[in-house]
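Summary of the model geometry
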Amino acid sequence: MKYVLVTGGVVSGLGKGVTASSIGLTLKACGLRVTSIKIDPYLNTDAGTMSPFEHGEVYVLDDGGEVDLDLGNYERFLDIKLTGDNNITTGKIYQSVIDKERRGDYLGKTVQVVPHITDAIQEWIERVAVIPVDGKDGPPDVCVIELGGTIGDIESMPFIEAFGQFSYRVGAGNFCLIHVSLVPVLSVVGEQKTKPTQHSVRGLRSLGLTPNILACRSTTELEENVKEKISRFCHVPLDNIMTLYDVSNIWHVPLLLRDQKAHEAILKVLNLKGVAQEPALGEWTSRAALCDKLQEPVRVAMVGKYTGLSDAYLSVLKALVHASVSCHRKLCIDWIAASDLEDETSRENPENYRSAWKLLKGANAILVPGGFGDRGVEGKILAARYARANRIPFLGICLGMQIAVIEFARSILGLLDANSTEFDPNTQNPCVIFMPEGSKTHMGGTMRLGSRRTYFKVADCKSAKLYGNQSFIDERHRHRYEVNPDMVQQFEDAGLSFTGRDESGHRMEIVELPNHPYFIGVQFHPEFKSRPGTPSALFLGLIAAATGQLETLLKKGVPKTLSLSNGTSGLKSHRYVNGTKMANGSLDGIYCNGNGIHV
């Protein structure tokens, strides 16, 4: 087994996750089988109980693992299916060691960070690295490991020590360390400064790890004399210093690595040069170029609770990008804080209220993503009402589906106090109720999580057609509440169709308005399985409906892979800083109303 470790220095937020994903994709394009591991040095057992404001979205895997959002990058770039064990946290490691100590596995020894914690880290990596994640038999060839945080953080010290031991134990030809660092450009002098990278590498070496390759983040390509200086002071060969400068969308990052022969440097360190081929990235290159050339916009109103941090909806954004590029449209996101749509805001902050409603009314489509808590719920209900009444394409995910049902009950059934018991435990018309198998005392890992099967109960519906007229689908879930099965018949008699249900037939999974151009709510999270070349069916349907292409799409059938022809003229050149388009806030093919999107 070969291991590639990606670490970061100087500052956080340099894009280690995208870099690790791009390295994995490049190696996969060389014909190697690749798996990934993300290490998060926090004490939480997993990401499930963390606020999206604190750490971005909680990404859900097939096995129900609630993990760091970087695993979503790995799955999207590499088109693989990871497990919860592919995300290591300090909490998991310490819990496993403490459990062993309580069982007496250490035979009375004093349990210490070295060797017990460091051994547990190495054992976990070696165990998970050989698990196939690409649907094929046998272990992968390479495991790409990303160590979260920044070199020098006290939280990551046990992992640094473990990797020092690990690199020695597996041997130099089986371990490659790539350090992602920052080379800032000071606006005063316009010079690329190497000192932060020098200090970062010096700190890494003092901890027992020597980088084989440096991936230098900068706004512009590194000048040759700057690379020579870094090489001289950091003891890294000149050919092993890569520039990851700001690009128009992150799909260009693997191409940057390929063009700088990063794969050759990695393969040389891992003694794989005679085994691997030249990276085949033709389709990926075409997709990245197409994303840059798109000019005709499609505006999507994102009505949510965590709009101040776009990472809270990262997978939703990626799924929208995949669908928009497939429909040959430039995605424009209008971020709307759900609470700004509410009557209370009209009294307390009329300007925000008017601005929010203006954005909502100007959108081609409306999306209400998942979330927890009652803040902004009434605003989300108002957004669903506007989409339903004005025949605007609408997609509600998880809570977004639940509020669409509540809105229908209030507006069509006349149940003015209809609500979810999550928000009003005493409502006389509980449209959404707590699931019987859920826990009200423990939060972590107690929801309905992971891949679950949904059966289509109505064949002639948009969702079934978008999924290729299959009898069932498997999508990932993360919820505690569900539509009240006792009220389903009442809803359906009034025209709301529950087209998808679970295997029991009592849990509602998909809801549609048959006489609406596109009004769909789903209890699952389709964004987690969207891929650049195979967009999520429901996101593709939303963008197609917003751009007048839905009827054609349904007649032709949803494509299995992305078409990379037509409508690709008119490439423009722009200046990007830290991945953000300075002119009007563009990043990763997304244009948004004043909010940058962290890569």
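Please read all numbers here as calculations on a predicted model, not as lab measurements.

Taken N-terminus to C-terminus, the directions of helix α15 (residues 377-389) and helix α16 (residues 399-411) make an angle of 70°; their axes are 9 Å apart at the nearest point. In terms of orientation, α15 lies roughly perpendicular with respect to α16. In the crossing of α15 with α16, the sense of the turn from one axis to the other is right-handed. Residues V377, E378, K380, I381, A384, R385 and R388 of α15 touch α16, and the partners they reach there are L399, I403, A404, I406, E407, F408, R410 and S411.

Moving on to the packing of helix α12 (residues 314-326) against helix α19 (residues 537-546). Packing of α12 against α19 brings their axes to within 8 Å, and their N-to-C directions diverge by 55°. Viewed along their axes, α12 and α19 adopt a mutual orientation that is oblique. Between α12 and α19 lies a crossing of right-handed hand. On α19, the residues touching V316, A319, L320, A323, S324 and S326 of α12 are F539, L540, L542 and I543. For the contact of α12 with α19, the class distribution of residues is 8 nonpolar, 2 polar and no charged.

Residue position: S355 is located in helix α14 (residues 350-361). Look at S355 and you get partly exposed, because its relative accessible area is 39%. Each C-alpha atom of the pair S355 and I213 lies 48 Å from the other, and the pair is 142 residues apart in sequence.

Attention now moves to the sheet that holds strand β5 (residues 87-89). Within the open sheet, the 7 strands sit side by side as β5-β2-β6-β1-β7-β10-β11. Their pairing is parallel. One side of each edge strand has no neighbouring strand; the edge strands of this open sheet are β5 and β11 (241-245). Strand-to-strand twist in this sheet, taken as the mean axis angle between neighbours without regard to direction, amounts to 20°. Pairing between strand β10 (residues 213-218) and β11: 5 bridges, direction parallel. Within the sheet, the bridge partner assigned to C216 lies in β11 and is T243. Its contacts with the sheet put helix α3 (residues 70-78) on β2 (34-40), β5 and β6 (142-147), and the angle it makes with β2 is roughly 170°.

Moving on to the confidence of the model for the chain. For the chain, the mean per-residue pLDDT works out to 90, and 91% of the residues sit at or above 70. In the model, residues 561-589 has pLDDT below 50 throughout and makes 73 contacts with residues more than four positions away in sequence or in other chains. Segment residues 594-599: pLDDT under 50, and 17 contacts once partners within four positions in sequence are set aside and those in other chains are kept.

What follows concerns the sheet that holds strand β17 (residues 430-434). The strands making up a sheet associate through hydrogen bonds between their backbones, and the pairing can be parallel or antiparallel. Spatially, 3 strands are ordered β16-β17-β20 in an open sheet, and the strand pairing comes out mixed. Among the strands making up the open sheet, the edge pair consists of β16 (419-420) and β20 (481-483). On the sheet, α16 packs against β16, β17 and β20 and is oriented at approximately 150° with respect to β17.

Cut-offs applied
- Residues numbered from 1 in each chain as written.
- Predicted model: local features only at pLDDT ≥ 70, side-chain atom pairs only at ≥ 80, totals over all residues.
- Heavy atoms only, no water.
- Axes fitted to C-alpha atoms, helices over the stretch in contact; angles between N-to-C directions.
- Helix = DSSP H or I, 4+ residues; strand = E, 2+ residues; numbered from the N terminus.
- Parallel < 35°, antiparallel > 145°, perpendicular 65-115°, else oblique.
- Left-handed = near helix turned anticlockwise from the far one by under 90°.
- Contact = heavy atoms within 4.5 Å.
- Nonpolar A, V, L, I, M, F, W, Y, C, P; charged D, E, K, R; others polar.
- Buried < 20%, exposed > 50% of the residue type's maximum accessible area, 1.4 Å probe, protein only.
- Pairing = 2+ DSSP bridges.
- pLDDT = per-residue confidence, 0-100.

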